[in-house]
Amino acid sequence: MDTYTRNSRRRAVWILLTVLWMGVIFFFSAQNAEESSSLSGGITDFIAHLIRPDLDRLPETDQQAFLNQLSFFVRKGAHFSEYAVLGLLLTGLAGTFAWNRWIRGLFSWGIGTLYAVSDEFHQTFSDGRSPQLRDVCIDSSGVLFGILAMTAICVIITSICQRNKAKG
């Protein structure tokens, strides 16, 4: 198989994975406020009991205050995480082009950030949801983290391959 065909297949796989992940993000954004709160509430409750096994023994007001505070971090952590994965995937896709690292990073960050903006706009069509600039910033930061993580992974793998090639 020639290099062009191999690279075209790799690019097609990265495009497919990226579009599928964008679909996952779209699905979560399409949830109305009640569905979204229910999902994050269940996750928050699980994490809360891991952190504070004695949570149920606290006064009700203390329990609610703890859960409310933790819920914020769970919801924003979910935004960050789903966009970090998008950053990884976009960087993998960008790697199939003959661009330098800076161009790959700018491409990945730009597409990821534009998707975050469109995602917030999409939420205006979901009952009880509204766009927030803060979420775009969190999402964009997640994309950047994913780009940096994928870049680091690629540098490490390249270094190991070169070292192994030099040995034998």
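Attention here is on the structure that accompanies the text. (Residues numbered from 1 in each chain as written. Predicted model: local features only at pLDDT ≥ 70, side-chain atom pairs only at ≥ 80, totals over all residues. Heavy atoms only, no water.)

Looking now at the pattern of salt bridges. For the coordinates displayed, the defined rule picks out 2 salt bridges. Here Lys-76 and Asp-135 are joined by a salt bridge, their closest N and O atoms 2.7 Å apart. Residue Lys-76 is located in helix α3 (residues 60–94), and its partner Asp-135 is located in helix α5 (residues 133–167); the two are separated by 59 residues in the primary sequence. When sorted by exposure, Lys-76 lands in the same class as Asp-135, which is buried. (Salt bridge = Lys/Arg side-chain N within 4 Å of Asp/Glu carboxyl O. Helix = DSSP H or I, 4+ residues; strand = E, 2+ residues; numbered from the N terminus. Buried < 20%, exposed > 50% of the residue type's maximum accessible area, 1.4 Å probe, protein only.)

Attention now goes to the packing of aromatic side chains. For the structure on display, the rule yields 6 aromatic pairs. Each ring, one from Phe-72 and one from Phe-73, has its centre 5.4 Å from the other, and the planes form 85°; the classification is edge-to-face. Residue Phe-73 is classed as exposed on the basis of its relative accessible area of 56%. With 5.6 Å between their ring centres and 50° between their planes, Phe-80 and Phe-145 make a pair best called tilted. Taken as a pair, Phe-80 in helix α3 and Phe-145 in helix α5 lie far apart in primary sequence, 65 residues in all. These aromatic residues form a ring-pair network of at least three members: Phe-97, Trp-99 and Phe-107. The ring of Phe-97 carries Arg-11 above its face, with NZ or CZ at 3.9 Å from the centroid. The aromatic ring of Phe-66 is capped on one face by Arg-52, whose charged end is 5.9 Å from the ring centroid. (Phe/Tyr/Trp six-rings, centres within 6.5 Å; stacked < 30°, edge-to-face > 60°. Lys NZ or Arg CZ within 6 Å of the ring centre and 35° of its normal.)

On the surface, Phe-27, Phe-28, Leu-39 and Ile-43 cluster together into a nonpolar patch covering about 350 Å² of accessible area. Looking at the nonpolar patch, the elements with two or more residues in it are α1 (3–30) and α2 (33–51). (Patch = residues over 30% accessible without salt bridge, like charges linked within 9 Å, V, L, I, M, F, W, Y side chains within 5 Å. Areas by Shrake-Rupley, 256 points an atom, 1.4 Å probe, with all protein chains shown as cover.)

Moving on, we come to the packing of α1 against α3. With their axes 9 Å apart at the nearest point, α1 and α3 run at an angle of 160° to one another. When the axis of α1 is compared with that of α3, the two are roughly antiparallel. In terms of crossing hand, the pair formed by α1 and α3 is left-handed. Every residue of α3 that contacts α1 at Arg-11, Trp-14, Ile-15, Leu-17, Thr-18, Trp-21, Met-22, Ile-25 and Phe-28 is listed here: Glu-82, Tyr-83, Val-85, Leu-86, Leu-88, Leu-89, Leu-90, Gly-92 and Leu-93. Split into classes, the residues belonging to the contact of α1 with α3 amount to 14 nonpolar, 2 polar and 2 charged. (Axes fitted to C-alpha atoms, helices over the stretch in contact; angles between N-to-C directions. Parallel < 35°, antiparallel > 145°, perpendicular 65-115°, else oblique. Left-handed = near helix turned anticlockwise from the far one by under 90°. Contact = heavy atoms within 4.5 Å. Nonpolar A, V, L, I, M, F, W, Y, C, P; charged D, E, K, R; others polar.)

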